[in-house]
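Single-letter residue listing:
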Amino acid sequence: MFMKRNLKLFSLLFLIILVIILKVGKTSKDFSVMNAEKKYNTHTDLNNTTDNLPAENTITADNEAKEIPVLMYHHLLKSSDIKQKNDAIVSVEEFEEQMKLLHDNNYKTVSLKELQLFLKGDLRLPKKSVVITFDDGYLSNYTYAYPILKKYGFKAAVFVITSRIEKESHKFTPDKLQYLSMEDIESSKDVITYGGHTNNLHDVVNGKTLLIRSSADVAEKDLKTCKDILNTDYFAYPYGQYTEETINILNKLGYTMAFTTQQGDVKKGDNPYTLKRYFVGPDTTIERFKTIINFKK
Ligand SMILES: [Zn+2]
């Protein structure tokens with residue numbers, strides 16, 4: 001009788017302990033999910049505004065960036081849609097791999113505004129910082145790059161040839177070269193800063209762009225139109241071509257930064273009208289990409 005009662009008590013105690021273990025286990029599991037979400041959210045926020053960059057006092061001399069690489073992309077297509085190799089086309093798969101590498105190694109994507117502050121010495125940035133840019137304003141930037149950038153909490157800039165902005169948004173078709181519409185531009189501004197790439201002086205005649213072939217008056221009118229349409233202070237020279245006169249016009253119109261296609265990093269104190277970038281194309285291997293971003297494990 002005594003033994004039986006003891007066994008009953010023991011079973012009950014065992015049951016209670018089991019329930020407690022299960023409960024605690026479940027709670028800690030929920031907690032870890034919550035923590036992961038919280039971590040992810042914090043990470044997303046980090047990339048949203050200047051205010052949320054790592055506090056400057058957490059940047060020591062050891063991890064402070066002396067130079068920032070600015071990446072330059074153009075068009076993106078799924079590898080199965082690339083019929084012919086073109087220097088301006090990077091596959092979506094490779095772009096995703098490059099973005100994942102940046103994300104998994106805690107790189108921060110810097111906005112043009114933040115880069116400008118860095119240039120002036122008004123903002124310190126961590127070593128693992130990078131600027132992502134696209135030239136020309138292709139619809140593929142919105143169709144393919146935008147969701148990938150958004151997923152990783154990244155930011156980027158797109159330099160648009162404003163005369164090519166589509167009147168209305170189109171469904172993406174890989175075999176046509178489509179451009180962004182004003183609606184596409186508006187709905188991607190949470191991730192993308194838009195800059196100018198001339199209104200209609202992007203074409204090349206005998207190796208020189210229309211921008212540098214045009215008289216100062218024509219160039220000024222074009223660059224003002226471009227600036228007004230996008231309401232931007234940033235510019236990228238078509239094919240990287242510029243003259244002293246181009247810089248003077250940009251300055252006069254109130255553009256504050258302009259990017260070339262010359263390979264190299266942006267350093268504090270650089271001339272804001274001749275900023276270097278790194279070309280990323282179909283031949284850019286992941287090893288080359290790692291060299292560009294100064295990858296360290
Ligand atoms: Zn271009």
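Residues numbered from 1 in each chain as written. Predicted model: local features only at pLDDT ≥ 70, side-chain atom pairs only at ≥ 80, totals over all residues.

1. Regarding the packing of helix α2 (residues 92-104) against helix α4 (residues 139-151)
And then number 1: For the pair α2 and α4, interaxial distance at closest approach is 11 Å and the crossing angle is 20 degrees. It follows from the interaxial angle that α2 and α4 lie roughly parallel. Viewed along their axes, α2 and α4 form a crossing whose handedness is right-handed. Only Tyr144, Ala145, Ile148 and Leu149 of α4 make contact with α2, whose side of the interface consists of Val92, Phe95, Glu96 and Met99.
And then number 2: Considering only residue class, the contact of α2 with α4 consists of seven nonpolar, no polar and one charged. (Axes fitted to C-alpha atoms, helices over the stretch in contact; angles between N-to-C directions. Helix = DSSP H or I, 4+ residues; strand = E, 2+ residues; numbered from the N terminus. Parallel < 35°, antiparallel > 145°, perpendicular 65-115°, else oblique. Left-handed = near helix turned anticlockwise from the far one by under 90°. Contact = placed C-beta atoms within 7 Å. Nonpolar A, V, L, I, M, F, W, Y, C, P; charged D, E, K, R; others polar.)

2. Remarks on the pairing of strand β6 (residues 129-136)
And then number 1: With eight of eight residues buried, β6 lies mostly within the body of the structure.
And then number 2: Across four bridges, the pairing between strand β2 (residues 70-73) and β6 is parallel. What sits directly across from tyrosine 73, in β6, is phenylalanine 134.
And then number 3: Pairing between strand β5 (residues 108-109) and β6: two bridges, direction parallel. In the strand pairing of β6, threonine 109 is matched with valine 130.
And then number 4: Note: β6 against strand β7 (residues 156-160), four bridges, orientation parallel. Residue aspartate 136 lies in a different strand from β7, and its bridge partner there is valine 160.
And then number 5: Crossover handedness for the path β6 to α4 to β7: right-handed. (Buried ≥ 20, exposed ≤ 12 C-beta atoms within 10 Å, placed from the backbone. Pairing = 2+ DSSP bridges. Right-handed = clockwise from strand over helix to strand, strands pointing away.)

3. Notes on the pairing of strand β8 (residues 192-196)
Along any regular strand, the residues point their side chains to alternate faces of the sheet.
And then number 1: Of all five residues making up β8, five are buried, and the element is well covered by its neighbours.
And then number 2: By the alternation rule, side chains of β8 split into Ile192, Tyr194 and Gly196 and Thr193 and Gly195, which are all buried.
And then number 3: Pairing of β7 with β8, which is carried by five bridges, proceeds in the parallel orientation. Bridge pairing links valine 160 to glycine 196 in β8.
And then number 4: Between the parallel pair β7 and β8, the chain is carried across by helix α5 (residues 182-187), and the sense of this crossover is right-handed.

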